[in-house]
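Overview (structure and organization)
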Amino acid sequence: MSATKIDDRIVRVDAMEKARGEALYVSDIKFPGMIYGTLVRSSIARGKIISINVPDLPEGYSFITADDIPEEGRNELWMIAKDWRCFASGDVKYVGETIGILCGPDRNMLSYLKERIKVEYEEEVPAVTIDDALSLKGGPIAGEDNIMCSLYCEKGEKMDDVFRKADSIFEETLETGFQEHVHLETNSAIVRLEDGRFTFYISAQCPFYVRKSVAGLLGLRPEDIVVKQTTTGGAFGGKEHFPDVLAGPLLVACNKIRKPIKLVFEREEDMLYSVKRHPSKVLFKTALDKEGNILGIDGKIYYNCGAYLSASYVVLQRGVFHANGVYDIPSTHLVGYGVATNTFPSDAFRGFGAPQTLFAIEMHLSHIARKFGFDPAEYKSRYFLKKGSETVTNGHIVEDVKLPEMFRQIADASDYERKSKEYEIGSGKGIGISFYNHGGAFTGNGEQAIIKAHARLVKTGDRVRIEVGSTEMGQGFQTALRKIAANALEIDISRVDYPNPDTSRVPDSGPTAASRSTMVVGKIVEDCALEMKARWDEGDFSVEKEYVHPDGHPWDQDTFRGDAYLGYGWGACIVEVEVDKLTNEVTTKGIWSSHDVGKAIDELIVHGQVNGGVIQSLGYASMEKMENRNGHFRQSSMSDYVVPTSMDFPKQEWFLVDNPYQWGPQGAKGMGELVFNGADAAYTDAVERALGATICKIPIPPEDIEEAIDNAR
Amino acid sequence: MAVRNYIPETLEEALTLRMNEHAVPLAGGSDIMVQHRKGMGIAPDLDKPVMIISNLQELKGISRRDDGYIEIRALETPASIAASELVPWHVRQAASRMGAIALRNVATIGGNIGNASPKGDLPQPLILLDAEVVLVSLTSERRMLLDQFILGSKKTALADDEIIKSVLIPEKEFTHLFYRKIGTRRANAISKLSLSAAAVVRDGIIEDFRASSGAAGPKVIRSREAESLLTKRQISEIPEIADDFIAAWDRAISPHAMPVYRRNTTSRMLLHFLEALQDEERSGIIE
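The structure displayed is predicted, hence computed values, not measured ones.

Topic: the overall build of chain A
- For chain A, the helix and strand inventory stands at 18 helices and 28 strands.
- Here chain A has a C-alpha radius of gyration of 25 Å; the compact-globule value for 713 residues is 27 Å, and the two agree.
- When the 713 residues of chain A are sorted by exposure, 57% land in the buried category.
- In chain A, once contacts between residues fewer than 6 apart in sequence are set aside, the share between residues at least 24 apart is 81%.

So this is what it looks like as structure tokens:
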């Protein structure tokens, strides 16, 4: 066996066991005496609970509610705030809110009993949309104004002065919809007592989040609870905080019943009763001079947070910080509002608030460019951020920005300039472009101030075990991290182990989120490995290190001023389409992308992420429509909530640029979210050009294209 | 909760079960098992006995009959229908676009008709072609137009002692053919809207004109009233008839969801087909 090097093309370390069906998911795991749980949920969006009528339960069956939380516990899940109740009590705030968990040995009987639990409500008028909430439909849900959280950023001159100087003002509202994660494996968990400790086997991104979130239900400390991540079949952010919503009721139930309990969501439950991407509404008002140059942008950003705050404030922050896209706008004022509604709480989803504002700014600038007769690519490139440019948080870009080079790559490959000129607006053919970025890791000094990630390497004989709380969820992190360690240790990757984390055995390396794992955790592991390499002959030992934040990059979390991100991933995407004028069906003829991820730790994995992220973004733009009527999601299955198949989009041409990040392992930055952040706008731009219509809202399936065409007439 | 289920070995046995217990025939199960699904590890919620008829040889086969009909027996799958050169073009097109590959190998034409979903793929071209269904019971056999058999969304004229035995499609040559299914995506898709059209044009005269709309109302829609505006007319008259024809068709369809899109797209597709009829250079399959 030879030493594994970063540039080696290797087979994913988890590929074989997954392909062969040998990997064990929660659904596959059974324990002696294990019973099943099923959640009893609110069937209305808003109202008071008058009564809960439970039929006589046979022996061995229990119905657990808020009343079963012991005195020393509190009915709250601790995500970022503690507002999300484990069990609804007294009232319900959204369809699908957990009221209780019904447990017992036979799933047929559970199904029969569940249908016979009757909850009586006094219904109230729900607020479902951002507009409903802002008009306080049905009365406020949160505070006095339904604004759960807000923040602003400003840069340059005061907006009043900017608008006074403007020759014209361009205003528009851009909107995005709900998006469902559709991870292949639905949410699922098992709880049981192991050596007297409550122990979870759970499909989750962040095992340490789970124990912190639920411990308070029983008045326990997080370290009293053990969380073992099981092989996780996809997550996309949908298993960042949401597993807490399964773990909480399970913990309260296990505390009473003292048996192993398994809870596995049906696909329909996972669609209807799980977190979604925040719908957004962005109002841009842009001051322009005679020639169409931008003097300043005023932006109001609204995100629909649902009934509980969950991670929404952090999502909103990222949305605001990305709201000028990859552009250096001379003056800007951006304010974000997180709006409370009676929908299932919105939460983390690949991109974490950035895709919504990036879509908005990309479409907005394309519309301005077209109005003044410029090609969107040429117009946008005038404003590209560069190293040293001031950001919307009054910090600076600390790295080289390779967007001009990236644009050249995809423009040449797609013949963009020729097609952009030749395809007439409204001809049925269109080519579109977008530029985007994604700030890597937690904002500002969050990695140092909040997360304080630790990682450990343990050497036993000639094998090395990685101990971190970071998880493989399909994105390829086991491969990436083992490769980073093997490369630094100069040993073969097969000698490096990285089992699924168990919180009782590994240090907390922070959540597997925010495109931070390779960039931040990978770096700590690399540093551990380099030390281990130097001390290799010392026998069996371990090395543990904590994240060190680079000096000289101030951040004030109270005012949101400073260097929000030290390393961004950057992207550029071109999409070419043809629209069938009879049916509005869009055929995508080509997809070209270029990404700056610093340095690819594993090119095959990066390729997989590019393919998947771009297609997921195209699905978001074109077909993934999740509607909500009176608080009820209307799409409940994979045949009515459609995600793209391999037939829907052609093979992609993709490029990477090398731009090593000085504080990342081998120069790597984050990339898992970046690749989602821009294809939607390139697609929409292409469709607009093909139709000669203006599109301000996605998704845009054929029936909504009809509306856009009508509006253009 | 529990019901008895059966696996009859002959058609006669199946018809006896149908008569005595009104057992529901299950062929591929791709509708019944979805409609009655209760969840992982939970028995499906069946309110009537089910009989699995997948093995009945009497209900298999595609053949050309001497009386000018193509017969497709009820257990034939979309995959086999799409692959058969005996089957008319429109029906093969629809069969080849149904659901996913796996579904096309287990679903059956009998099930697709019997389920009578407005979004069902096969009834739409079959009704275009004036296909008939053959219904059998222990004591009788009867034939009726599929258009009359399907009464509405999920409603058919099937008696509770009958089984769908086969579909008969009259053989007919058309000079112009059109088929479009607009699915929710390109594969593994449910129909958002579909349209078939066919015409026989000879010496500038429209001898036969017909169309059928799927997913545009509670059942497949053919408007004889609209069709009659065009039949026996000269193609040179199409420009003056077109508006009335489109208006008549638009009155006939009644899409519930996405009405504007479904109406406008249907009109555009029909006009596109009418334009092709006027162009003497174009015939055969109209793209």
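A few points about the overall build of chain B
- When its secondary structure is counted, chain B shows 11 helices and 14 strands.
- Taken over the C-alpha trace, chain B has a radius of gyration of 20 Å; the compact-globule value for 287 residues is 19 Å, and the two agree within 12%.
- For chain B, with 287 residues in total, the buried portion stands at 44%.
- Within chain B, contacts between residues separated by at least 24 positions form 63% of all contacts whose residues are at least 6 apart in sequence.

Quick notes on the nonpolar core
- Formed by 217 residues in total, the largest nonpolar core has its most connected members in Ala189(A), Leu250(A), Ile261(A), Ala485(A), Val525(A) and Val687(A).
- Ignoring sequence-local partners within four residues, the contact set of Val687(A) consists of Gly430(A), Val577(A), Val579(A), Val586(A), Ile695(A) and Ile700(A).

Considerations on the environment of Asp131(A)
Residues and elements named next belong to chain A.
- The residue Asp131 is located in helix H3 (residues 130-134) in this model.
- For Asp131, a count of 14 C-beta atoms within 10 Å translates into the label partly exposed.
- Residues Asp131 and Val339, 208 residues apart in the sequence, show an inter-C-alpha distance of 9.3 Å.

Some remarks on the domain arrangement of chain B
Residues and elements named next belong to chain B.
- Considered domain by domain, chain B is made up of domain 1 (56-170) and domain 2 (176-280).
- Elements with a contribution of two residues or more to the side of domain 1 that touches domain 2: helix H4 (89-96), helix H7 (123-128) and strand E8 (150-152).
- Top contributing element to the side of domain 1 that touches domain 2 by residue count: H7, with five residues.
- Looking at the side of domain 1 that touches domain 2 residue by residue, the classes come out as nine nonpolar, six polar and four charged.

Examining the pairing of strand E11 (residues 176-183) of chain B
Residues and elements named next belong to chain B.
- Counting buried positions along E11 gives eight out of eight residues, so the element sits mostly inside the fold.
- Covered by surrounding structure in E11 are His176, Phe178, Arg180 and Ile182 together with Leu177, Tyr179, Lys181 and Gly183, the residues of both alternating faces.
- Summarising the sheet, E11 and strand E12 (residues 191-202) pair through eight bridges and their orientation is antiparallel. Considered in E12, the bridge of Lys181 is made with Ser194.
- Here E11 pairs with strand E14 (residues 284-285) via two bridges, running parallel.

As for the packing of helix H5 (residues 207-215) of chain A against helix H6 (residues 243-257) of chain A
Residues and elements named next belong to chain A.
- At a closest axis distance of 9 Å, the pairing of H5 and H6 adopts a crossing angle of 45°. Of the possible angle classes, the one that applies to H5 and H6 is oblique. Between H5 and H6 lies a crossing of right-handed hand. Here Tyr209, Val210, Ser213 and Val214 of H5 lie close against H6, whose contacting residues are Pro243, Asp244, Ala247, Gly248 and Leu251.

As for the domain arrangement of chain A
All names here are of chain A.
- Per the domain assignment, the segments of chain A are domain 1 (15-23 + 446-546), domain 2 (32-124 + 181-272) and domain 3 (280-443 + 560-628 + 637-712).
- With centres defined by C-alpha atoms, the gap from domain 1 to domain 2 works out at 31 Å.
- The interface of domain 1 with domain 2 comprises 15 residues on the first partner and 19 residues on the second.
- The residue inventory of the side of domain 1 that touches domain 2, partitioned by class, reads five nonpolar, seven polar and three charged.

Quick word on the pairing of strand E8 (residues 168-176) of chain A
All names here are of chain A.
- With nine bridges joining them, E8 and strand E13 (residues 280-288) adopt antiparallel strand pairing. Within the sheet, the bridge partner assigned to Ser168 lies in E13 and is Leu288.
- Where E8 lies against strand E28 (residues 697-698), two bridges are found, and the strand directions are parallel. Pairing of Glu175 across the sheet is with Lys697, part of E28.

Remarks on the sheet that holds E11(B)
Residue and element names in this part refer to chain B.
- In spatial order, the strands read E13-E12-E11-E14; together these four strands make up an open sheet with mixed pairing. What marks the edges here is a single partner per strand, and that holds for strand E13 (205-214) and E14.
- Taken strand by strand, helix H11 (residues 259-278) contacts E11, E12 and E13, and its axis lies near 20° from that of E12.

Some thoughts on the sheet that holds strand E2 (residues 24-26) of chain B
Residue and element names in this part refer to chain B.
- Strand order across the open sheet formed by three strands is E1-E3-E2, with parallel pairing between neighbours. On the outer flanks of this sheet lie strand E1 (5-6) and E2, each paired with one strand and no other.
- Sheet topology note: the E2/strand E3 (residues 50-52) ladder contains three bridges and is parallel. Note on E3: the bridge partner recorded for Leu26 is Ile52.

Cut-offs and rules
Within every chain, residues take consecutive numbers counted from 1 along the sequence as written. In the order they appear in the text, chains get letters beginning with A and ligands get numbers beginning with 1. A pLDDT threshold of at least 70 governs which residues receive local features in this predicted model, and a stricter bar of 80 or more applies before side-chain atom pairs are shown or counted, although totals over entire chains, interfaces and linings include all residues. Every helix listed is a DSSP run of H or I at least four residues long, and every strand listed is a run of E at least two residues long, numbered separately from the N terminus. Throughout, radius of gyration means the C-alpha value; the globule benchmark is 2.2 Å times the number of residues raised to the power 0.38. Counting other C-beta atoms within 10 Å of a residue's own tells you its class, since 20 or more makes it buried, 12 or fewer makes it exposed, and anything in between is partly exposed; those C-beta atoms are placed from the backbone. Contact definition: two residues whose C-beta atoms, as placed from backbone geometry, lie within 7 Å. Each nonpolar core consists of buried Ala, Val, Leu, Ile, Met, Phe, Trp, Tyr and Cys residues. Their C-beta atoms, within 7 Å, join them into a set. Reported domain spans reflect what an automatic or database domain assignment gives. Three classes are used, and their members are as follows: Ala, Val, Leu, Ile, Met, Phe, Trp, Tyr, Cys and Pro are nonpolar, Asp, Glu, Lys and Arg are charged, and the others, Gly among them, are polar. Paired strands are those between which DSSP finds at least two bridges. Between N-to-C directions, angles span 0 to 180 degrees; the directions come from axes that are lines fitted to C-alpha atoms, helices contributing only their stretch in contact. Between 65 and 115 degrees an angle is taken as roughly perpendicular, under 35 as roughly parallel, over 145 as roughly antiparallel, and anywhere else as oblique. Handedness of a crossing follows from how the near helix is turned relative to the far one, being left-handed for an anticlockwise turn of less than a right angle and right-handed for a clockwise one.

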